[in-house]
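Given next are the chains, with one letter for each unit.
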Amino acid sequence: MKDALNHRMSRQLWNLVSYVLIPVVFGYVSLLLTGFSFGLINNVFHLPYVLNLIRLPEFRDDAFYATLNNFTSIVWPILRAVTTEANVEQVFSVANLASRIAAFAGLASLARSAGLDRPLEVLLAMMVLTLTPLLQMFSIVGGHGMFIHYFTHSEVTWVFVFLSVGFLYADRIVLAYMMMGIAFSVNAFIGIWLFGMNTLVLFAVKRPFSVATFLKALAGFALFALPAALWIFFAVSGKHEAVDFSYIDYVRSYYPKHFLIEAIEWKSMLKHLLLVSAGLLAARHLPQSRFWVALQLSALLLVIVGVPLPYLFDNRFIFNLHLIRAAGIGQALATVLIALAGVRLLLNREALAMRVIGAVVLLSLAILEIRIIGMAVLLTSMLAALPGGGFAARFDRWGIFRWIEAPRKLLAGLCVLLFALALTDFFWQHRLASIQGLKLTVSLGVFALLAFGQYRRTAVGWSLAFLLFCYTAAFCWHQVRSIEENQRFQRTLPVNQSWAELTSWIRSSRLHGPFLLPMDDHDHVDYFQLQSRRKVWVDWKQGAAVMWSPAFYWQWSTRLREVSALRTPGEMVSYARARGIRYVVLHASVAGVPASCRLLKRTPNYVLYEVL
């Protein structure tokens, strides 16, 4: 009785550590590695909604801000309820940290569901997944946000992605569909991806299950998806939401990388295919490998279907599924499975060759850049570690797996050689900085520990974990310094200081828009309306609003085409006068401003004129 109680208490403590403490620690470390920036990229859509800027007199008739009510995600109304101008940056920062910690809680849950339940296994997996570039910034294909450097609702979905997969694996089907429903309300197209993927896996692998269970699962999905579903229904049923233009032409002119295969470089496609292939092989080292294979194939199927679909159907709703972006889900799943397989191989107590291959896999994930040679190392390692038996034995009439198992030590040596080439190839192409020396040192340390463990016939798992932990701490310190130096450099750039001076002056003035801006400076112009709190005539970034409000297309595309064609200050001023625009921003270096303009503000890089 006492032993049972102690065991139960130890399990509860381990659950608390693995689902709370570990995610908090590694989620925070992950955030240090990616950094956090406020008010960037898609925040130009989020912040005006959260701060309800359309209530200001300046924006009451602004067509762009009026579209943001159709930007459907339950995240932003929740934040809107607690956000003010005074606390908005802090709210976004806390939300970003919370979403990252939640994502790592989902990863920990998925790792334990997949059979890695010992503390050493979970710690090794979480360290590698924290370090790997494959889960940072944007996906190789489709540009889907992984763990990125600013807060957005798409990153909030990662916890529900991992939980839905883990629950489905554990046959908790209703809970899995609830997670998918929440993901839909956070980001509708990600919820649709998950519904399609997991339903395919459910019918292909997880049978038998009762009709009643499936109906409960559908009801759970519908219940949690309902808020966004109703919002989308009312948004798309408006009288001004018909598409009377070529959607594919719009996508090509705006941001084709999310939608069209023509915008993806062949090298990116090759990297993704190599990674997914390695992930499929990694599934052989996990319990119920058929589930993990089916899951990855269903994610790949979404991308394959998304390749021809936009060319066959010029339809807004087809495009807004963002199926090419689903490659990001496949990338994340493959990365996680490779990491879990690598941990199992590294802690193999029988074969040194398997431990060496596991070390190569984990080191490749943790320290190599996202390059073709790095993906090739992962695929080669997974091939070299491929076990016989089970499903694989069906092909053994050709002797493939007997051939792999016989010279396993030789294949392990080949993996080490390929890893060394990948690591040193980076050195040859870049200056050997201290962090590169650290990567080389930790790699040599890992292989030295494996050799020592083999010689002394002792386990070195915790020693390996400690070495990797030391590298994580050192790399984190280096990355934080690099991010701070880059941010300091960006702030002190004369052009950025000049822009900040201009927008701050306009924000504190009594001038009212619209303002006409040059279209050759997207890095600054796209943020003018948000930073100055003044309406602009047009900017490139506003084009995204067409996805949730098609009626905005003609205003945006017409104005963008017209303004982009203006080449001289005289043309800019004439265009502004013809359309009743009072204020024009120009580069300070240009000459020939008509005498009919009055200079209002000059900074080293920009000038503001009033058109008289």
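So, here's what we can say about the structure.

What counts, and at which threshold
Throughout, residues of each chain are indexed from 1 in the direction in which the sequence is written. In keeping with the predicted nature of the model, local features appear solely for residues at pLDDT of at least 70, side-chain atom pairs appear and are counted solely at 80 or more, and the whole-chain, interface and lining totals rest on all residues. Hydrogens and water are ignored here; the side-chain numbers use all heavy atoms of the structure. Strands here are runs of E lasting at least two residues and helices are runs of H or I lasting at least four, both read from the DSSP assignment and numbered beginning at the N terminus. C-alpha atoms define the radius of gyration in this analysis, and the globule rule sets the expected value at 2.2 Å times the number of residues to the power 0.38. Relative accessible area decides the class of each residue, using a 1.4 Å probe on protein chains only: under 20% of the type maximum gives buried, over 50% gives exposed, and in between gives partly exposed. Note on contacts: a residue pair qualifies if any of its non-hydrogen atoms lie within 4.5 Å across the two residues. Residue burial considers only the protein chains on display, and all accessible areas are found by Shrake-Rupley using a 1.4 Å probe. The charged-residue count follows a simple rule in which Lys and Arg add positive charge and Asp and Glu add negative charge, with His and chain termini not counted at all. All charge positions are set by atom: Lys at NZ, Arg at CZ, Asp at CG, Glu at CD. Here, strands pair whenever DSSP counts at least two bridges between them. An expected span of 1.5 Å times one less than the residue number is assigned to each helix. Side-chain rings of Phe, Tyr and Trp (the six-membered ring for Trp) are treated as a pair once their centres are within 6.5 Å; stacked means planes under 30 degrees apart, edge-to-face means over 60, and tilted covers the remaining angles. As a reminder, the over-ring test applies to NZ of lysine and CZ of arginine, requiring each to be within 6 Å of the ring centre and within 35 degrees of the ring normal. Any Lys or Arg side-chain nitrogen found within 4 Å of a carboxyl oxygen on Asp or Glu counts as a salt bridge. Detection works on a 1 Å grid of protein atoms alone, calling trapped sets that fit a 1.4 Å probe cavities and calling open sets with protein on both sides within 12 Å along at least five of seven lines pockets, with lining residues defined by an atom within 4 Å of a point. Grid points are joined across faces, edges and corners, and a volume is the space filled by probe spheres set on the points. Each residue gets one label: Ala, Val, Leu, Ile, Met, Phe, Trp, Tyr, Cys and Pro are nonpolar, Asp, Glu, Lys and Arg are charged, and the others, such as Gly, are polar. Directions pointing from the helix axis toward each C-beta atom define the arc. To define axes, lines are fitted to C-alpha atoms, for helices over the stretch in contact only, and angles between the resulting N-to-C directions are given on a 0 to 180 degree scale. For classification, angles of less than 35 degrees are called roughly parallel, those exceeding 145 degrees roughly antiparallel, those between 65 and 115 degrees roughly perpendicular, and all remaining angles oblique. Should the near helix be turned counterclockwise from the far one by less than a right angle, the crossing is left-handed, whereas a clockwise turn marks it as right-handed. In this text, buried Ala, Val, Leu, Ile, Met, Phe, Trp, Tyr and Cys residues form a nonpolar core when linked through side-chain atoms within 4.5 Å. Polar contact is defined as a pair of N or O atoms within 3.5 Å, subject to the rule that within protein one atom must be able to donate a hydrogen and the other to accept it, and that residues adjacent in sequence are counted only when both atoms are side-chain atoms.

### Considerations on the overall build of the chain
Line of reasoning, step 1. Each helix and strand counted, the chain has 28 helices and four strands in total.
Line of reasoning, step 2. Whereas a compact globule of 612 residues would reach a radius of gyration of roughly 25 Å, the chain reaches 27 Å, a difference of no more than 12%.
Line of reasoning, step 3. Along the three orthogonal principal directions, the C-alpha set of the chain runs to about 85 × 60 × 55 Å.
Line of reasoning, step 4. Across the 612 residues of the chain, 54% fall into the buried class.
Line of reasoning, step 5. Residue pairs at least 24 apart in sequence account for 71% of intrachain contacts in the chain once pairs closer than 6 positions are excluded.
Line of reasoning, step 6. Put simply, the chain shows about 26,900 Å² of open surface, and 64% of that area lies on carbon and sulfur atoms.
Line of reasoning, step 7. Distance between charge centroids for the chain: 8 Å, based on 53 positive and 32 negative side chains.

### Side note on the pairing of strand S4 (residues 606-611)
Along any regular strand, the residues point their side chains to alternate faces of the sheet.
Line of reasoning, step 1. Burial runs high along S4: six of the six residues are buried.
Line of reasoning, step 2. Neither face of S4 is left uncovered, since the one carrying Tyr606, Leu608 and Glu610 and the one carrying Val607, Tyr609 and Val611 both have all their residues buried.
Line of reasoning, step 3. Both strand S2 (residues 583-587) and S4 contribute to a ladder of five bridges, which runs antiparallel. Residue pairing across strands places Leu586 opposite Val607, the latter belonging to S4.
Line of reasoning, step 4. Both strand S3 (residues 597-602) and S4 contribute to a ladder of five bridges, which runs antiparallel. Opposite Leu599, over in S4, you have Tyr609 as the bridge partner.
Line of reasoning, step 5. Linking S3 back to S4 in an antiparallel pair, the connection comprises three residues.

### Quick notes on helix H27 (residues 553-564)
Line of reasoning, step 1. Between the first and last C-alpha of H27 there are 16 Å, a value that for twelve residues agrees with the 16 Å anticipated at 1.5 Å per step.
Line of reasoning, step 2. Buried residues along H27 sit in contact with helix H12 (247-254), strand S1 (515-516) and helix H28 (569-578).

### A short note on the sheet that holds S3
Line of reasoning, step 1. Here four strands make up an open sheet; going across it, the order is S1-S2-S4-S3 and the pairing mixed. Strands with a single pairing partner mark the edges of an open sheet, and in this sheet they are S1 and S3.
Line of reasoning, step 2. In this structure, S1 lies alongside S2, joined through two bridges in parallel fashion. Bridging from a neighbouring strand, Phe515 pairs with Tyr583 of S2.

### Observations regarding the packing of aromatic side chains
Line of reasoning, step 1. On inspection of all chains with the given rule, the structure shows 45 aromatic pairs.
Line of reasoning, step 2. On the numbers, 4.8 Å between centres and 25° between planes, the contact of Tyr169 with Trp292 is stacked. One end of the pair, Tyr169, is in helix H8 (residues 158-169); the other, Trp292, is in helix H14 (residues 289-306), with 123 residues separating them in the sequence.
Line of reasoning, step 3. By relative accessible area, Tyr169 is classed as buried at 7%.
Line of reasoning, step 4. For the ring pair Tyr177 and Phe195, a centre distance of 5.7 Å and an interplane angle of 90° mean the geometry is edge-to-face. Highlighted residues: Tyr177 in helix H9 (residues 173-186) and Phe195 in helix H10 (residues 188-204), separated in sequence by 18 residues.
Line of reasoning, step 5. Tyr177 gets classed as buried once you look at its relative accessible area, which sits at 0%.
Line of reasoning, step 6. With a relative accessible area of 26%, Phe195 lands in the partly exposed category.
Line of reasoning, step 7. Every member of this aromatic cluster is reached through a ring pair, and the members are Phe245, Tyr247, Tyr250, Tyr254, Phe259, Phe319, Trp540, Tyr553, Trp554 and Trp556.
Line of reasoning, step 8. Lying across the ring of Trp537, Arg559 places its NZ or CZ 3.5 Å from the centre.

### With respect to the pattern of salt bridges
Line of reasoning, step 1. In this structure the tally under the stated criterion is 14 salt bridges.
Line of reasoning, step 2. We note a salt bridge from Glu85 to Arg533, for which the minimum N-O separation is 2.9 Å. Taken as a pair, Glu85 in the loop between helix H4 (75-80) and helix H5 (88-113) and Arg533 in the loop between helix H26 (528-532) and H27 lie far apart in primary sequence, 448 residues in all.
Line of reasoning, step 3. Glu562 is paired through a salt bridge with Arg579; the nearest N and O atoms lie 3.6 Å apart. Linking Glu562 in helix H27 with Arg579 in the loop between H28 and S2, this pair joins segments that are 17 residues apart in sequence.
Line of reasoning, step 4. On the basis of relative accessibility, which here comes to 26%, the residue Glu562 falls in the partly exposed class.
Line of reasoning, step 5. Taking the relative accessible area as the measure of exposure, Arg579 reaches 36% and is therefore partly exposed.

### Some details on the layout of surface pockets
Over the atoms, a rolling probe the size of a water molecule traces out where space has been left empty.
Line of reasoning, step 1. The volume enclosed by the second largest pocket comes to roughly 1,000 Å³.
Line of reasoning, step 2. Of all the secondary structure elements, the ones that give two or more residues to the lining of the second largest pocket are helix H2 (43-50), helix H7 (153-156), H10, helix H11 (211-236) and helix H16 (316-319).
Line of reasoning, step 3. Sort the elements by how many residues they give to the lining of the second largest pocket and H11 lands first, with four residues.
Line of reasoning, step 4. Class assignment of the residues belonging to the lining of the second largest pocket gives a composition of 24 nonpolar, 14 polar and four charged.

### Brief notes about H28
Line of reasoning, step 1. Within the sequence span of H28, burial applies to Pro569, Met572, Val573, Tyr575 and Ala576. The buried residues of H28 occupy an angular sector of 160° when projected down its axis, which confines them to one face.
Line of reasoning, step 2. Structurally, H28 contributes buried residues whose contacts are with S1, H27, S2, S3 and S4.
Line of reasoning, step 3. Positive phi shows up at Gly580, right after H28, with a value of about 70°.

### Some points on the environment of Lys216
Line of reasoning, step 1. Among the structural elements, Lys216 can be located in helix H11.
Line of reasoning, step 2. It is 48 Å that separates the C-alpha atoms of Lys216 and Lys535, two residues lying 319 residues apart in sequence.

### Remarks on the packing of H9 against H10
Line of reasoning, step 1. Put simply, H9 and H10 touch, their axes get as near as 6 Å, and they point 155° apart. Taken together, the axes of H9 and H10 are roughly antiparallel relative to one another. You can see that H9 and H10 cross each other, and the crossing is left-handed. For the pair formed by H9 and H10, the contact residues are Ile173, Tyr177, Met180, Ala183, Phe184 and Val186 on the first element and Ala188, Gly191, Ile192, Leu194, Phe195, Asn198, Thr199 and Leu202 on the second.
Line of reasoning, step 2. Per-class residue counts for the contact of H9 with H10 are eleven nonpolar, three polar and no charged.

### A closer look at the nonpolar core
Nonpolar side chains in soluble globular proteins generally cluster together in the buried interior.
Line of reasoning, step 1. Ranked by size, the top nonpolar core spans 208 residues in total, and within it Tyr250 and Trp292 carry the most contacts.
Line of reasoning, step 2. For this core, the leading source of residues is helix H17 (residues 327-346), giving 14 residues.
Line of reasoning, step 3. Residues in contact with Trp292, not counting those within four places in the same chain, are Leu110, Ala114, Val165, Tyr169, Ala283, Leu286, Pro287 and Leu337.

### Examining the side chain of Ser549
Line of reasoning, step 1. Of note, Ser549 is situated in the loop between H26 and H27.
Line of reasoning, step 2. Given a relative accessible area of 5%, Ser549 falls into the buried group.
Line of reasoning, step 3. There is a polar contact of 2.9 Å between the side chain of Ser549 and the side chain of Asn70.

### Here we look at the side chain of Thr72
Line of reasoning, step 1. Along the chain, the position of Thr72 falls in the loop between helix H3 (63-67) and H4.
Line of reasoning, step 2. The class of Thr72 is buried, set by a relative accessible area of 19%.
Line of reasoning, step 3. With near-sequence residues (within four places) excluded, Thr72 lies in contact with Val186, Trp231 and Ile232.

Shape descriptors only; they carry no functional weight alone.
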